Amino acid sequence: MQTKPQFKFFFGSSIVLACFVGMIGNTGVLLFAGTGVLIKPLTQEFGWSRGDVSLALTLLTVGIAVGVLVSGRLIDRYGARRVLCASILLSLLVILTGPLYVATLPLFYTMMLLAAVVGAPTNTIGYARVISDWFDKRRGLFIGINSAGIGLGFTLAPLVCNWAIGIGGWRAGYFSLGLFLLVIVFPTVYFLLIDKPQDVGLLPDGAPKSTTGEQEAADTNGHLSLGEALRTRVFWLMIIIVSCIAFSLNGIFSQLAALLTDRGIDMTTAALVVSTMGMSMAVARVVVGYIIDKLFAPMVAVGVFISVLLGVGLLIYGQHLSLYIIAAILMGVGIGTESDLMVFLTGRYFGLRHFGTIFSWVFIAHMTGTSFGPYIMGSSYDLHGSYIPILQVCLGLLALATVLFAFLGRYDQFTRSKT
């Protein structure tokens with residue numbers, strides 16, 4: 001006799017909501033997108049160069065990479081909810097108190113680095129593990145819905161910061177981000193998030209919990225350890241792909257508002273263009289997530305990143321606001337797709353038993369690319385007085401990543417021998 005579900009509706013709906021809100025307010029998104037708008041106010045008040053401020057974004061991503069390396073194992077061992085709640089509380093404390101003492105570059109870097117390390121679990125890995133445990137057949141769709149929160153975060157953070165700057169300067173910009181974590185994100189995650197469907201008498205996709213033990217036996221098979229994953233070709237191809245994409249697109253995103261104002265566009269309009277990029281991230285995550293449940297994900301990725309190449313080309317050679325908006329939309333599709341694909345592909349190629357540990361290394365590659373992107377973009381501008389040379393480098397790296405997606409191979413090439 002089968003055990004009846006304990007809920008009249010699929011309880012995963014509240015899980016998706018909690019993850020969605022959490023991803024809106026993940027530390028990396030809020031600080032990365034917010035600081036992009038704060039580059040000029042910070043340079044004007046303190047006399048720092050754009051490269052100086054952009055280095056803070058590099059330290060942000062380095063700190064997240066370091067934190068993720070530890071948090072992946074903590075999530076696998078203790079569950080995502082405990083780790084996420086602690087991370088949100090610590091990161092909001094750093095963001096709220098940082099502007100009270102920041103007066104020099106080292107102190108500014110300290111604030112960003114601390115927020116990055118303690119907030120690392122909120123940057124995809126914690127929520128990705130929860131979604132992967134709760135969904136199987138529609139995993140791509142719900143990863144997309146979950147990660148659409150990142151796109152919304154990238155949309156809201158520049159607008160909120162720009163509004164707060166007008167009221168109280170750059171410090172108000174950071175205060176607004178900390179208050180968002182305190183008032184909205186933490187309560188939602190604390191009250192709604194549950195680690196696994198088995199904790200409430202369900203299996204993935206809302207099925208009633210089996211009493212035969214077959215599901216439990218299946219869960220122990222076909223899952224690679226970190227050591228086994230490191231010996232596969234696919235793992236290293238994923239590392240190269242994610243590094244190239246993260247370096248290029250996040251580097252461009254961090255400087256987009258400054259680039260547009262250099263071309264004669266007012267700051268309010270530039271912020272709206274940046275927000276357009278964020279909105280396209282949100283839409284792309286849901287649409288592409290739905291598609292990869294039905295079609296082979298690496299081939300979908302090839303099509304997506306061909307359009308991204310077009311977007312970067314428009315940003316390099318375009319001379320009109322409408323072309324910049326189209327470029328932002330197309331590049332936003334790329335940012336929206338890249339991290340979701342890595343979550344999906346990690347689970348499909350290597351299984352879920354050691355998901356947190358394996359994905360932490362993939363995510364570190366993502367954050368490494370992201371960490372160098374903003375700094376090199378800003379420094380390239382300081383050196384050349386233009387973003388064009390580094391944008392051309394990004395175009396080449398994105399072309400390489402697009403080609404490599406075609407060489408990943410079928411999902412079961414490693415796990416089939418272990419089932």
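Conventions used here
Residues numbered from 1 in each chain as written. Predicted model: local features only at pLDDT ≥ 70, side-chain atom pairs only at ≥ 80, totals over all residues. Heavy atoms only, no water. Helix = DSSP H or I, 4+ residues; strand = E, 2+ residues; numbered from the N terminus. Rg over C-alpha atoms; globule rule 2.2 N^0.38 Å. Buried < 20%, exposed > 50% of the residue type's maximum accessible area, 1.4 Å probe, protein only. Axes fitted to C-alpha atoms, helices over the stretch in contact; angles between N-to-C directions. Parallel < 35°, antiparallel > 145°, perpendicular 65-115°, else oblique. Left-handed = near helix turned anticlockwise from the far one by under 90°. Contact = heavy atoms within 4.5 Å. Nonpolar A, V, L, I, M, F, W, Y, C, P; charged D, E, K, R; others polar. Expected span 1.5 Å × (residues − 1). Bend = angle between axes of the 7 residues up to and from the residue. pLDDT = per-residue confidence, 0-100. Polar contact = N/O pair within 3.5 Å; in protein donor to acceptor, adjacent residues only side chain to side chain. Core = buried A, V, L, I, M, F, W, Y, C linked by side-chain atoms within 4.5 Å. Salt bridge = Lys/Arg side-chain N within 4 Å of Asp/Glu carboxyl O. Patch = residues over 30% accessible without salt bridge, like charges linked within 9 Å, V, L, I, M, F, W, Y side chains within 5 Å. Areas by Shrake-Rupley, 256 points an atom, 1.4 Å probe, with all protein chains shown as cover. Disulfide = S-S within 2.5 Å. Phe/Tyr/Trp six-rings, centres within 6.5 Å; stacked < 30°, edge-to-face > 60°. Lys NZ or Arg CZ within 6 Å of the ring centre and 35° of its normal.

A short note on the overall build of the protein
When its secondary structure is counted, the protein shows 15 helices and zero strands. For a compact globule of 419 residues, the expected C-alpha radius of gyration is about 22 Å, and the protein comes in at 21 Å, within 12% of that figure. Taking the principal axes of the C-alpha coordinates as reference, the protein spans close to 70 × 45 × 35 Å. Residues classed as buried in the protein amount to 58% of the 419 residues present.

Digging into the packing of helix α4 (residues 80-101) against helix α6 (residues 125-134)
One can describe the packing of α4 onto α6 by two numbers: an axis separation of 10 Å at closest approach and a directional angle of 155°. When the interaxial angle is binned, α4 and α6 end up roughly antiparallel. The interaxial crossing formed by α4 with α6 has left-handed handedness. Within the contact between the two elements, α4 uses A80, L84 and I88 and α6 uses G126, Y127 and V130. Split by residue class, the contact of α4 with α6 holds five nonpolar, one polar and no charged.

Looking at helix α3 (residues 50-78)
Owing to its 3.6 residues per turn, the α-helix brings residues three or four apart onto one side. Compared with an ideal rise of 1.5 Å per residue, which puts 29 residues at 42 Å, α3 spans 41 Å between its outermost C-alpha atoms and is within 8% of the ideal. Of all the bends in α3, the greatest, near 30°, is centred on L69. Following α3 by one or two positions, G79 adopts a phi angle in the positive range, close to 95°.

Some words on the confidence of the model for the protein
Summing up the model confidence of the protein, the mean pLDDT is 86 and the portion of residues at 70 or higher is 93%. The lowest-confidence element of the protein is helix α8 (residues 214-219), averaging 46 in pLDDT; the highest-confidence one is helix α15 (residues 388-405), averaging 94. pLDDT under 50 marks residues 1-8. Its contacts with residues more than four places away, or in other chains, come to eleven contacts. Long-range and interchain partners of residues 211-221, a stretch whose pLDDT sits below 50, account for twelve contacts in this model, where long-range means more than four residues apart.

Notes on the environment of S307
The residue S307 is located in helix α12 (residues 297-317) in this model. With 23 residues separating them in the primary sequence, S307 and L330 have C-alpha atoms 6.2 Å apart.

Remarks on helix α11 (residues 267-292)
Over its 26 residues, α11 runs 37 Å from end to end, which matches the ideal 38 Å to within 8%, given 1.5 Å per residue. Two or three places before T268, at the start of α11, stands the capping residue D266, its side-chain oxygen 3.2 Å from that residue's backbone nitrogen.

Topic: the environment of L181
Structurally, the position occupied by L181 is in helix α7 (residues 139-192). Assessed through its relative accessible area of 1%, L181 is described here as buried. Distance from L181 to G25, taken between C-alpha atoms, is 6.3 Å for residues 156 residues apart in sequence. Those residues in contact with L181 that lie beyond four places of it in its chain are G25, L30, I88, S91, L92, I95, F186 and P187.

Quick look at unusual backbone geometry
The phi dihedral of T124 is positive, around 75°, even though this residue is not glycine. Look at T124 and you get buried, because its relative accessible area is 6%.

A look at the side chain of S380
Turning to its location among the elements, S380 is positioned in helix α14 (residues 355-384). Taking relative accessible area as the criterion, S380 reaches 9% and is therefore assigned buried. Setting aside residues no more than four positions away along its own chain, S380 makes contact with G385, S386 and I390.

Side note on the nonpolar core
Core analysis: the largest hydrophobic core is formed by 142 residues, its most contacted members being F108, Y174, M342, F350 and F405. Looking at this core, the element that brings in the most residues is helix α10 (residues 233-262), giving 18 residues. Sequence-distant contacts of F405, that is, excluding residues within four places in its chain, are made with I241, I245, P298, M299, A301, V302, F305, L341 and M342.

With respect to the pattern of salt bridges
Evaluation of the coordinates by the stated rule reveals eight salt bridges. A salt bridge links R50 to D262; the nearest nitrogen and oxygen atoms lie 3.0 Å apart. With R50 in helix α3 and D262 in helix α10, the pair connects residues that are 212 residues apart, well separated along the chain. A residue is classified by how much of its surface remains accessible, and R50, at 14% relative accessible area, is buried. Each of D76, R129 and D133 takes part in one network of salt bridges that share partners.

A short note on a nonpolar patch on the surface
The grouping of M279, V283, V287, Y290, I291 and L295 at the surface amounts to a nonpolar patch, some 530 Å² of accessible area in total. Within the fold, V287 resides in helix α11.

Observations concerning the state of the cysteines
Evaluated as defined, the whole model comprises zero disulfides. Lacking any disulfide linkage, C85 is separated from the closest cysteine sulfur, that of C19, by 11 Å.

Side note on the packing of aromatic side chains
Overall, the coordinates contain 20 aromatic pairs when judged by the stated rule. On the numbers, 5.0 Å between centres and 85° between planes, the contact of F235 with W236 is edge-to-face. Both rings, one in F359 and one in F363, keep their centres 5.9 Å apart while their planes meet at 40°; by these two values the pair is tilted. Taken together, the residues span about one helical turn, with F359 and F363 both in helix α14 at a distance of four residues. Each member of the pair, F359 as well as F363, carries the same accessibility label: buried. The rings of F235, W236, F296, F344, Y349, F350 and Y411 are connected pair by pair, giving a single aromatic cluster. Its guanidinium or amino end placed over the ring of Y381, R50 lies 4.7 Å from that ring's centre, counting from NZ or CZ. One cation-aromatic arrangement involves R81 over Y190; the distance from NZ or CZ to the ring centre is 4.7 Å.

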